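Descriptive structure summary
Given next are the chains, with one letter for each unit.
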Amino acid sequence: MKEIWIYAEVREDRVNEVAYELLTRALDLKGKLEDSIISAVLMGRNIPDADKQELIKRGADRVYYVDNPLLKDFVVEPYSKVLIELINRYKPEIIIAPATTQGRTLMPYTAVRLQTGLTADCTGLDIDEAGNLLQTRPAIGGNVMATIRTSTRPQMATVRPHSTRPAPIDESREGEVIEVDVSLTEEDAPVKKLEYLKDKTQVVTVQDADIVVSGGRGIGRADNFKIVYRLAELLGGAVGASRDVVDRGWITYPHQVGLSGKTVNPKVYIALGISGSIQHLAGMQTSETIIAINKDPDAQIFRVSDLGIVGDLHEVVPVLIERLEALKNEI
Amino acid sequence: MRIIIPIKQVPETSNVKMDPETGTMVREGVESIINPLDLYSIELGIRLKEQYGGEIIVVSMGPPKAQEALREAIAMGCDDAVLLTDRFFAGADTFATSYTLTKAMEKLKPFDLIICGERATDGDTAQVGPGLAALLGLPLSTFTSRIELEDGCIKATRLIEGGYEVLSLPTPALVTVVKEISDPRLPTLRGKQKAKKLEIKKWTAQDMEADTAKTGLKGSPTRVVKTFNPKVAREGKLIEVKDEKTLAQAVDEIISLLKEKAAI
Ligand SMILES: Cc1cc2nc3c(=O)[nH]c(=O)nc-3n(C[C@H](O)[C@H](O)[C@H](O)COP(=O)(O)OP(=O)(O)OC[C@H]3O[C@@H](n4cnc5c(N)ncnc54)[C@H](O)[C@@H]3O)c2cc1C
């Protein structure tokens, strides 16, 4: 029997929704890989049982759960130690993790120690005739797609968040939660987490949001960013930005989308006054739907847009906000 | 402080080509630059040196041409440079690269800190920094946006989803940094002169006692099997706003698309 593993990411003691997206991937792979099962690896401290059951209801046949005070917060050293022990014990064929700051730290740290291959930030996964994992990812700023195969085992990959929908709950699904004991000592955790500072300018983080509304230099000045915030708020989305406006200090760096900022993959990306430089596109061109407002009809952003509005954003956005507010009041 | 900064030479992002046969990048005829995200690690290194004294050694694995990147780092203010160059290193994936760099770091011991850029803009994996920390057994902070030194420990602020977290790392340690950490300076005239004169050390697999079964293409567990152009099935509908009517139409279109995508 071959095991397909997903890393069930935990944030603030709860399983994060990205884990359910990985289950969608795993269910697809399970259908293509003979004699396989899906196991979720869950680490933390006092994770609610409901979360473990939800992993099962959404597709996991097994949940390996490791509970330890040293696993309370994600810190790579003890997490990797536990993951390696589990891998040595259960010998999975495939391990996928989200391409979040956790996944992109844990997986490379673990893969090299196991002397196995790892593919970053995949947007497509498949199984070939020989039963190998085919890992497809955007390369060179999304200008090329590359499919990668791993000759060693386990085959490891991180998967771009939002590149698929979360697996739905199926109440009839059954599976088992296996509590695994892994001994950890203080020596396994040389790095200490001191504090977590929530960013108050981000109700939703750009990487996590289903909708991202981004502003560029066309916004005009720092103060005008309030229309970007308002639009994002009405849509329940996050605020993004081009590097230009971050460098001008109109908004802080965590909002920056692009080559030297964050890569986002929302359902809808709205670009306001952004020209669409290759470096900006690198961070958002895999978004499902792209809407752009720009006064220059030749702006590059329109080349990747599903809907482009050629016009002054200061005319269009306020009207859009008014309409959305009216719609809200109707409900 | 003795600081080591691994850097990579990458093609200028705006015009790169792929070899359809090998699936690797065609590097000929493309202008090469320092990985733009390595400028932040170099700048951080220089600031730490200015504050605490010490020296900075930049290391790069690549063809002989990659010494240009090392010279640029010297011109910015780094002190010494090592180029890891050998035909056995060509075609390395992130495992083989982490291994090769690890062999170099072992030769450069002792050091206090290794600073890596978040990722290289060509491979775009962000895997080599963490890989290096794992192989060297160094405490790691990724996506670091600020560091302070306190009682022999490094206090690192990481940019994560939803905010920042603060870690305390014993030294020696490895950090990978994001743009927010620093604003890179330009090379100085004096730096440029130094860079021109500096004899760059060149290390081969043999010099580092590296196992060539773990370097380059041969040592790489991952292989590109296919490359293709992404299908951009964008509708590309354009509406020009010229008057009240077209403005209303534009807003209608946005709203109906948002509704269709279940965004509202
Ligand atoms: C190594 C490197 C890394 C980089 N990384 C990033 C990155 O991560 N993210 C990023 O975004 N950029 C990045 N850049 C910068 C990038 O090249 C561009 O300079 C930047 O994206 C431009 O930002 P912008 O689109 O806001 O500004 P501009 O290019 O100046 O575009 C402003 C746009 O607004 C439009 N406009 C102006 N006024 C209005 C109005 N009233 N109504 C409607 N439209 C209007 C204009 O027509 C124009 O198209 C990077 C560059 C380099 C060299």
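Thresholds applied
Residues numbered from 1 in each chain as written. Chains lettered and ligands numbered in written order. Predicted model: local features only at pLDDT ≥ 70, side-chain atom pairs only at ≥ 80, totals over all residues. Heavy atoms only, no water. Near = heavy atom within 4 Å. Polar contact = N/O pair within 3.5 Å; in protein donor to acceptor, adjacent residues only side chain to side chain. Areas by Shrake-Rupley, 256 points an atom, 1.4 Å probe, with all protein chains shown as cover. Helix = DSSP H or I, 4+ residues; strand = E, 2+ residues; numbered from the N terminus. Nonpolar A, V, L, I, M, F, W, Y, C, P; charged D, E, K, R; others polar. Contact = heavy atoms within 4.5 Å. Buried area = accessible area lost by both parts, 1.4 Å probe. Salt bridge = Lys/Arg side-chain N within 4 Å of Asp/Glu carboxyl O. Phe/Tyr/Trp six-rings, centres within 6.5 Å; stacked < 30°, edge-to-face > 60°. Buried < 20%, exposed > 50% of the residue type's maximum accessible area, 1.4 Å probe, protein only. Lys NZ or Arg CZ within 6 Å of the ring centre and 35° of its normal. Pairing = 2+ DSSP bridges. Axes fitted to C-alpha atoms, helices over the stretch in contact; angles between N-to-C directions. 1 Å grid on protein atoms, 1.4 Å probe; cavity = no way out; pocket = protein on both sides within 12 Å on 5 of 7 lines; lining within 4 Å. Points joined across faces, edges and corners; volume = space filled by probe spheres on them. Expected span 1.5 Å × (residues − 1).

Below, the discussion takes up the site of the ligand. Residue and element names in this part refer to chain A. Around the ligand, the structure places 26 residues, and the nearest of them are Ser 242, Val 257, Ser 275, His 280 and Asn 294. A distance of 3.0 Å separates an oxygen atom of the ligand from a polar atom in the backbone of Gly 273. Contacts to the ligand include Leu 313, whose backbone N or O atom sits 2.9 Å from a nitrogen atom. Coverage of the ligand by the protein amounts to 79% of the 990 Å² it exposes when considered alone. Breaking the shell around the ligand down by element, the ones donating at least two residues are α6 (243-247), α7 (278-281) and α8 (313-330). Its residues assigned to classes, the shell around the ligand shows five nonpolar, 15 polar and six charged.

Interface size is commonly expressed as the accessible area that is lost once the parts come together. Contacts between the two partners involve 88 residues from chain A and, on the opposite side, 80 residues from chain B. For the pairing of chain A and chain B, the buried interface totals around 7,200 Å² over both sides, and the portion due to carbon and sulfur atoms is 62%. Of all residues in chain A, the largest losses of buried area upon contact with chain B belong to Ile140(A), Tyr253(A) and Leu259(A), amounting jointly to 9% of the total for that side. Applying the counting criterion to the chain A and chain B interface returns four salt bridges. Joining chain A to chain B, the criterion identifies 39 residue pairs in polar contact (both at pLDDT 80 or more).

Applying the stated criterion across every chain yields a total of three aromatic pairs over all chains. Measuring from ring centre to ring centre gives 5.4 Å for Trp5(A) and Tyr64(A), while their planes differ by 55°; the resulting arrangement is tilted. One end of the pair, Trp5(A), is in strand β1 (residues 2-7); the other, Tyr64(A), is in strand β5 (residues 62-67), with 59 residues separating them in the sequence. Of the two residues, Trp5(A) and Tyr64(A), both sit in the buried class. The rings of Trp5(A), Tyr64(A) and Tyr90(A) are connected pair by pair, giving a single aromatic cluster. A cation over a ring is seen here: Arg58(A) above Tyr20(A), with NZ or CZ 4.3 Å from the ring centre. For the cation-ring pair, Lys107(B) lies above Trp203(B), with the distance from its terminal atom to the ring centre recorded as 4.9 Å.

Let us look at the pairing of strand β6 (residues 94-98) of chain A. All names here are of chain A. Counted residue by residue, β6 has five buried out of five residues, so it is predominantly covered. Along β6, one buried face is formed by Ile 94, Ile 96 and Pro 98 and the opposite face, lined by Ile 95 and Ala 97, is buried too. Two strands pair when backbone bridges link them, and β1 and β6 are joined in this way by three bridges, in the parallel orientation. Its bridge partner being in β6, Ile 4 is matched across the sheet by Ile 94. By the bridge criterion, five bridges tie β6 to strand β11 (residues 155-159) in an arrangement that is parallel.

Moving on to the environment of Leu186(B). Looking at the element boundaries, Leu186(B) is found in the loop between β12 (173-177) and α5 (189-197). When the C-alpha atoms of Leu186(B) and Ile114(B) are compared, they prove to be 22 Å apart, with 72 residues separating the residues in sequence.

With respect to topology, four strands assemble into an open sheet ordered β8(A)-β9(A)-β10(A)-β14(B), the strand pairing being antiparallel. At either end of the open sheet lies a strand with only one pairing partner, and these are β8 (124-127) of chain A together with β14 (222-228) of chain B. Within the sheet, the average angular offset between the axes of one strand and its neighbour, ignoring direction, is 30°. One ladder, built from six bridges, connects strand β10 (residues 144-150) of chain A with β14(B); its direction is antiparallel. If you follow Thr147(A) over to β14(B), its bridge partner there is Lys226(B). Running at roughly 20° to β8(A), helix α1 (residues 18-32) of chain A makes contact with β8 and β9 (133-139) of chain A of the sheet.

Residue and element names in this part refer to chain A. Counted according to the given criterion, the structure contains eight cavities of 30 Å³ or more. Of the pockets and cavities examined, the largest cavity occupies roughly 230 Å³. Along the walls of the largest cavity sit 18 residues, with Ala 99, Arg 104, Gln 207, Lys 262 and Thr 263 positioned nearest its centre. Its residues assigned to classes, the lining of the largest cavity comprises four nonpolar, seven polar and seven charged.

Okay, unusual backbone geometry next. In terms of backbone geometry, most residues other than glycine have negative phi values and most peptide bonds are trans. Here the residue pair Lys109(B) and Pro110(B) is connected by a cis peptide bond, since its omega of 0° sits within 30 degrees of zero. The topology assignment puts Pro110(B) in the loop between α3 (94-108) and β8 (113-117). For the bond from Thr171(B) to Pro172(B), the omega torsion is -5°, close enough to zero to count as cis. You can see Pro172(B) is positioned in the loop between β11 (163-170) and β12. One non-glycine residue, Asp121(A), lies in positive phi territory at about 55°. Counting through the fold element by element, Asp121(A) comes out in strand β7 (residues 118-122). The buried category is assigned to Asp121(A), whose relative accessible area is 4%.

Turning next to helix α6 (residues 244-260) of chain B. Here α6(B) is 17 residues long and its end C-alpha atoms lie 24 Å apart, about the 24 Å a rise of 1.5 Å per residue gives. Taken together, the buried positions of α6(B) are Thr246(B), Leu247(B), Ala250(B), Val251(B), Ile254(B), Ile255(B), Leu257(B) and Leu258(B). Where α6(B) is buried, its residues meet α5 (225-235), β16 (268-272), β17 (289-294), β18 (307-310) and α8 of chain A together with β15 (237-240) of chain B. Of the residues flanking the end of α6(B), it is Ala262(B), one or two places downstream, whose phi is positive at about 60°.

Residues and elements named next belong to chain B. Counting buried positions along strand β10 (residues 153-160) gives six out of eight residues, so the element sits mostly inside the fold. Relative to β11, β10 runs antiparallel, the two sharing eight bridges. The partner of Leu 159 across the bridge, within β11, is Tyr 164.

By the element assignment, Thr142(B) lies in strand β9 (residues 140-150). In this structure Thr142(B) comes out as buried when scored by relative accessible area, which is 2%. Separated by 2.8 Å, the side chains of Thr142(B) and Arg158(B) make a polar contact. Ignoring any residue separated from it by four or fewer positions in sequence, one finds Thr142(B) in contact with Thr105(A), Pro130(B), Arg158(B) and Thr176(B).

Everything listed here is a matter of geometry and, on its own, says nothing about what the molecule does.
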